[in-house]
Structure formats: structure tokens, C-alpha cells
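Secondary and tertiary structure notes
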Amino acid sequence: MRLNLLQKAYVFFKLTRILHFSLFLFLSLILVNSAYGIRLTNVRHLFDITHNFSQPSDVAVSKKGLIHVVDGVNNKIRVFNQNGKFLYSFGRKGSAKSRFSFPLGIDIGSSGKIYIADSGNHRVQIFGPAGSYLKQIIIPSKKGNPSDPADVAVDESGNRLYIVDNDNHYILVYDLSTLTLISTYGSPGMEKLEFRYPFLMTLDKDKYLYIVDVINTRVQVLSPGGKFVAAIGGWGVKKGEFFRPKGIAIDKNNRIFVSDSYMGVIQVFRSNGDFYSVIGDPSTGSVKKFSTPVGIFIDGNNRLYVVEMFAEKVSVYSIEGDTE
């Protein structure tokens, strides 16, 4: 039986829970607070969004400040105002247009159009700013393996849509005008431009693509032309290393934020890929712990949005200063 990515995450969580306590203790000795020589980027809690979510996976905020949450098991996109008040939702379970089967990733273009990775239906659906259905892209199988679109990243000015195929371990590039496939990046493996279950991704201001390469425990950075540029991270629980990276976001200073769903932390890297800091809690002076952080987003007001999958909420923070 084929498992979708949400189910895979749950199975992995259950099978490895025995290791959690020992790994947590190890991490506690390494990533505790600034007294151990680790810089913290402190965040101030603003509010939480809870709305009967069931394993939410990703979040994106429009230029108008509307917060869009992918509520995967409920097969809905839920929309909230900038203060976290529920406004409306769209979608329900099914395979018809505007319906979903375990959606996972989301991006919102400069036009306000909403792009959803509809994983179980093997497609990406495109909606207007208010959630009205516009069109879809059916993602092809590869060598007989059904596609598993996990995330999207849109560059409307460059007329490009990037799609992660999680199960087939590569990236597809589509022309937004014609919705035709124009290129693919990567293949299964552990080397440069090879992936093992790539998941969430984002674009920086120069249109470089940052892809969370989950099982390879790194972020791969590709040029606008699809060339390998750098790898960030590596396996481990020390600063600058990952155990299960999942979400990624880039702030206005081009710092790279990466969530680690299993270790429950968010690390920050400089634009050159060097470790910079860990998200910290100013009330305790220690590393901020999250409950299964997955998708993350940073808006133009320097707010950090964190999807905490198994806590079934989105927590919202203001990014404050750093400790030294």
C-alpha cells in the first residue's frame, strides 16, 4: 500500500520514538543556550492559530497579509487574517477540480495566485487570490512510479513553476504560460544534484532555489538555471547539522531558516551556507523548542510562521535580535 508523505511522517515518528529521549538529551548538551557559545536569534511569541487542524504541513502569507494553512488530512486550505482570525476555507476530499487528496505544500505568487501541491491526486492546482479554481497541472509518473508532488515554488516574473516530486526524487520545472514541462533537475542518490525524498523548498530574491533534501539531511541550493551551487547542513545533532530537516524560509537579510521536525528546532544560516544561530526563547535564554516543526514562512514584517504538525497549530512570532 502506498503511503502519502503525511503518513510516512507519522510512521517514522512512531518507529523512532524510542531514540527520542537519548537524542533529546544529546541535543540538550549541544544546543542549549548562549552559555555554550551558540548564538540565538530570539523570537517573541505573538499568537497561535488553531482551527481543528489535522496534521497541517505548510503555510504561506499573501502580500495582503492573509495566512494560508495547508490542512492536509482535512483536505482543506484554511485562510486567516493577519491577526489569526479565521476567514474562510476552500477544498474538500476528492479528485475533481478544486478538491484535494492530502495536499502538502503551498506557495503564493506576486499576483496573489495560490499554488497547491495536491499530493494524492498527483497534480498541482492553481487558484485565484480568493480561492477560486483556475487550472491544474497533472504531474507525470516516472518509470512507472506515480508522482508525489510535495511542494511548489513559483517565480511569476520569470514565468517558472518549480515542483518537488518526493517519491521520484527530482524537481520539475514548468512554463507558467503554457503549463508545459521544460526541464527537470536531479535524480535519486546522495551526490550533488541527487535527492532522497526532497520535500519543501523556496526561492530567494535572486531566484536561487533552496530544496530541503530530507533523507540526505541537507539543503541543496540550485542556480536559476538548475546548476548545483551549494549544500547546507549534513547529518548530526550539532549546530549546523540536521536530523530530519523539513521546512525552509529566507528573511529580508537573506538568512536561511531551516526547521528540523524531529529535533524540534529551527536553525539559521548565513547566505553563504555557514551556520549563524538557532531560534531562541528570550524568556529562558535557551533554544526554542517546537513540536514537530514542518513548513515555515517569513513575511515582509519579519514575522516567523511555524507549522507544528503534531501540535496541530501554526505558531506566529516576531523575529527579534540576536545574542552574542
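Worth saying up front: this structure is predicted, and the values here are computed from it rather than measured.

Remarks on the overall build of the protein chain
Within the protein chain, the secondary structure is distributed over two helices and 27 strands. Considering the protein chain as a whole, with its 324 residues, one finds that 56% of them fall into the buried category. For the protein chain, long-range pairs separated by at least 24 residues make up 48% of all intrachain contacts whose partners lie at least 6 apart in sequence. Here the protein chain displays about 13,400 Å² of accessible surface, and carbon together with sulfur accounts for 51% of that area.

Focus: the environment of Gly 120
Along the chain, Gly 120 falls in the loop between strand E7 (114-118) and strand E8 (123-127). By relative accessible area, which is 24% here, Gly 120 ends up partly exposed. Sequence separation between Gly 120 and Ser 147 is 27 residues, and the spatial gap between their C-alpha atoms is 8.8 Å. Beyond its immediate chain neighbours, meaning those up to four positions away, Gly 120 contacts Ser 101 and Phe 102.

As for the pairing of strand E26 (residues 303-308)
Most of E26 sits out of view: six of its six residues are buried. Side chains of E26 alternate between two faces, with Arg 303, Tyr 305 and Val 307 and Leu 304, Val 306 and Glu 308 buried alike. Looking at chain direction, strand E25 (residues 293-298) and E26 are connected through four bridges and run antiparallel. Across the sheet, residue Pro 293 finds its bridge partner in E26, namely Glu 308.

Looking at the environment of Thr 292
By secondary structure assignment, the location of Thr 292 is in the loop between strand E24 (286-287) and E25. Overall, the relative accessible area of 12% leaves Thr 292 in the buried class. Distance in space between the C-alpha atoms of Thr 292 and Lys 246 is 9.5 Å, their sequence separation being 46 residues. Leaving out residues up to four positions away in the same chain, Thr 292 has contacts with Ser 261, Val 307, Glu 308, Met 309 and Phe 310.

Some points on the confidence of the model for the protein chain
Taken residue by residue, the protein chain gives an average pLDDT of 91. The fraction at 70 or more is 89%. Residue range residues 10-29 is modelled with pLDDT below 50. Its contacts to residues more than four positions away, or to other chains, number 22 contacts.

Here's the deal with the sheet that holds strand E9 (residues 133-138)
Strand order across the open sheet formed by four strands is E6-E7-E8-E9, with antiparallel pairing between neighbours. Of all the strands in the sheet, just strand E6 (103-108) and E9 have a single pairing partner and so form its edges. The sheet shows a mean angle of 20 degrees between the axes of neighbouring strands, direction not considered. Relative to E8, E7 runs antiparallel, the two sharing five bridges. Across the sheet, Ile 114 pairs through a bridge with Phe 127, a residue of E8.

Some points on the packing of aromatic side chains
Summed over the entire model, instances satisfying the criterion amount to eleven aromatic pairs. Measuring from centroid to centroid gives 5.9 Å for Trp 235 and Phe 243, while their planes differ by 50 degrees, and the two rings are tilted. Look at Trp 235 and you get exposed, because its relative accessible area is 58%. Residue classification places Phe 243 among the buried positions, given a relative accessible area of 10%. Aromatic rings pair up to connect Phe 90, Phe 100, Phe 127 and Tyr 133 into one cluster. Sitting over the ring of Tyr 170, Lys 142 keeps its end group 3.9 Å from the ring centre.

Rules behind the numbers
Residues numbered from 1 in each chain as written. Predicted model: local features only at pLDDT ≥ 70, side-chain atom pairs only at ≥ 80, totals over all residues. Heavy atoms only, no water. Helix = DSSP H or I, 4+ residues; strand = E, 2+ residues; numbered from the N terminus. Buried < 20%, exposed > 50% of the residue type's maximum accessible area, 1.4 Å probe, protein only. Contact = heavy atoms within 4.5 Å. Areas by Shrake-Rupley, 256 points an atom, 1.4 Å probe, with all protein chains shown as cover. Pairing = 2+ DSSP bridges. pLDDT = per-residue confidence, 0-100. Axes fitted to C-alpha atoms, helices over the stretch in contact; angles between N-to-C directions. Phe/Tyr/Trp six-rings, centres within 6.5 Å; stacked < 30°, edge-to-face > 60°. Lys NZ or Arg CZ within 6 Å of the ring centre and 35° of its normal.

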